[in-house]
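Topology and contacts: notes
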2 protein chains.
Amino acid sequence: MDVGFIGLGLMGRPMALNLIKAGHTVHVWSRRRASMQPLLEAGAGDCASAAEVARRAPVTISMVADAPDVEQVTLGADGIADGAAAGHIHIDMSTIAPAAAQSIAARLAARGVTALDAPVSGGEGGAIGGTLTIMIGGDAAAFERVRPLFEAMGQSVTRIGEAGAGQVAKACNQIITGVGVASVAEALNFAHKSGVDATKVREALLGGFAWSRILENHGQRMLDRNFKPGFKAWMHQKDLRIVMDEAHRLGLALPSAAATAQMFNAMVGCGLGEDDSIAMLKLLERMSGGAGE
Amino acid sequence: MDVGFIGLGLMGRPMALNLIKAGHTVHVWSRRRASMQPLLEAGAGDCASAAEVARRAPVTISMVADAPDVEQVTLGADGIADGAAAGHIHIDMSTIAPAAAQSIAARLAARGVTALDAPVSGGEGGAIGGTLTIMIGGDAAAFERVRPLFEAMGQSVTRIGEAGAGQVAKACNQIITGVGVASVAEALNFAHKSGVDATKVREALLGGFAWSRILENHGQRMLDRNFKPGFKAWMHQKDLRIVMDEAHRLGLALPSAAATAQMFNAMVGCGLGEDDSIAMLKLLERMSGGAGE
């Protein structure tokens, strides 16, 4: 299938490469030409604008930083909507607010483009390995048409509901994973400060109801003091800002997510933003008198 | 092995029955004679005091509500220490503060009794099924001597370290499971209030890093609105009070656990204390304008 890809960063690049590996013909454009190079070398088509990408392919994907970037590449000058033929499907895989995704979908629909929101979970490792969790909102028929593209990039592909529903699921994911990282970091720091071997505590807890992927993988990385991202703390901070904004809009209290969002704010304030989100442990160590290095 | 058992409530009764099933000779005493009946019918020996239990068996177990109860049955009048012969091992499986466990262990040691703290996780289901997670603190040789007793009651049996270390591990467990329940309840309520099918969200999230036993089991029970305990909210409230007291003593911040402890306080205030801890969802529903029934 001909497919356009815009946004070739840490996540987008390996995702686009997996589309090529799966036999799709990928067309790329980027504001920074250097970021296109690995894709062009892998055989991707070279485009001069987002509009050109949309002219060359009936389906386009964007993987960018935030809602204004998605608006720019889809609805801005020389954007997707400018190049799209009737029946074009645009898939935004960035993490943005559910309300923003709905608004963009409505404006794209007015210009003949069917939008899907399809944010992902799994980090750079999942993007490289093609094992992402993909949560999709939007038209069911459009979803079925592009399902092979999702399956080339992800292991778990679920259509959650209508426009914005993918972003709602992603927000839920970021609540559970962010709060999960905080609780595991709090528990391991508590064990250590109590003079108890945190490695043994993690082992014992994996045998019971505390079992989680966060405790198993991230807990081990905390014990190994491997804070290399993975998923950067400032990105989790951004995602929880989206969650808390949405909670404000809905009149909805999220006490544990709110406490965790504050800790991500503190991480960025303490210069830990470029570390993996599990450097939450360093913040807690500093807050309890340790060096937190 | 002859073993005494004191504290035959929701948890203690099935644990003692599993010891009998495994071929051990169990001797029981309880302040409330009625609670002894099922054990006597199953063949347990009938004792008139905790001291008598200790006279009849070289190993005793207590499973009671809180630290003052443990002190009473071990160090009080007609308690374990009064009846224990040299080399007696006492195992307290209640959930109490690590500092209290250490203090009781030191006072028992002065009277010739070796104490192990061995709190459990897994709830009534785990107690009945013999699948508890048991976290042990105290002397390594004493632990090895009584290991068969633990293996008759639990699936995952781990000696964490010296006296109090089992209670530290249990505190860590209650942080991760309590905060886990809060985050899953917040996420599912967020999905529902956003107009999205929370069932689909849970399914999608189980495919990724958000996977946890809490999301899988408790998440499903929240969707089924099955709030039958299980593990009562007031008990989780009590366990997080122990955790927060200990954090205060250590000068240790636990932001996500603190937010969650407040929610358990609110659950008890709202009359949800006798529900399962997953009735956290009802509290969040009420806090966002729903009926929360």
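Residues numbered from 1 in each chain as written. Chains lettered and ligands numbered in written order. Predicted model: local features only at pLDDT ≥ 70, side-chain atom pairs only at ≥ 80, totals over all residues. Heavy atoms only, no water.

Moving on to the overall build of chain A. Summing up its helical and strand segments, chain A has 14 helices and nine strands in all. Scaling as 2.2 N^0.38, a compact globule of 293 residues should have a C-alpha radius of gyration of about 19 Å, and chain A matches this with 20 Å. C-alpha atoms of chain A, sized along the principal axes, occupy 65 × 45 × 35 Å. Scored against the burial criterion, the 293 residues of chain A give a buried share of 61%. (Helix = DSSP H or I, 4+ residues; strand = E, 2+ residues; numbered from the N terminus. Rg over C-alpha atoms; globule rule 2.2 N^0.38 Å. Buried < 20%, exposed > 50% of the residue type's maximum accessible area, 1.4 Å probe, protein only.)

Residues and elements named next belong to chain A. The alternating pattern of strand E5 (residues 89-92) places Ile89 and Ile91 on one face and His90 and Asp92 on the opposite face, and all of these are buried. Bridge count between strand E4 (residues 59-62) and E5: four bridges; the pairing is parallel. For Val59, the partnering residue across the bridge sits in E5 and is Ile89. Sheet analysis places E5 next to strand E6 (residues 114-117), joined by four bridges and oriented parallel. Pairing of Ile91 across the sheet is with Leu116, part of E6. (Pairing = 2+ DSSP bridges.)

Okay, the UniProt feature "domain: 6-phosphogluconate dehydrogenase NADP-binding" (unreviewed entry) in chain A next. Per the UniProt annotation, the sites labelled "domain: 6-phosphogluconate dehydrogenase NADP-binding" (unreviewed entry) are residues 2-161 of chain A. With 45% helix and 25% strand, residues 2-161 of chain A has its two end C-alpha atoms placed 26 Å apart. (UniProt positions renumbered as here; feature names shortened; annotations may be inferred.)

All names here are of chain A. Taking the UniProt record as the reference, the feature "active site" (unreviewed entry) is found at Lys170. Position of Lys170 relative to the elements: it lies in helix H9 (residues 165-193). The contacts of Lys170, once residues within four sequence positions are left out, are Thr95, Pro119, Val120, Met135 and Asp239. (Contact = heavy atoms within 4.5 Å.)

Moving on to the pairing of strand E1 (residues 2-6) of chain B. Residues and elements named next belong to chain B. Here E1 lies mainly inside the structure; four of its five residues are buried. In terms of strand pairing, E1 meets strand E2 (residues 25-29) through five bridges, oriented parallel. Pairing of Val3 across the sheet is with Val26, part of E2. On the question of chirality, the crossover connecting E1 to the parallel E2 by way of helix H1 (residues 12-21) is right-handed. As judged from the four bridges shared by E1 and strand E4 (residues 59-62), these two strands associate in the parallel manner. Pairing of Ile6 across the sheet is with Ser62, part of E4. (Right-handed = clockwise from strand over helix to strand, strands pointing away.)

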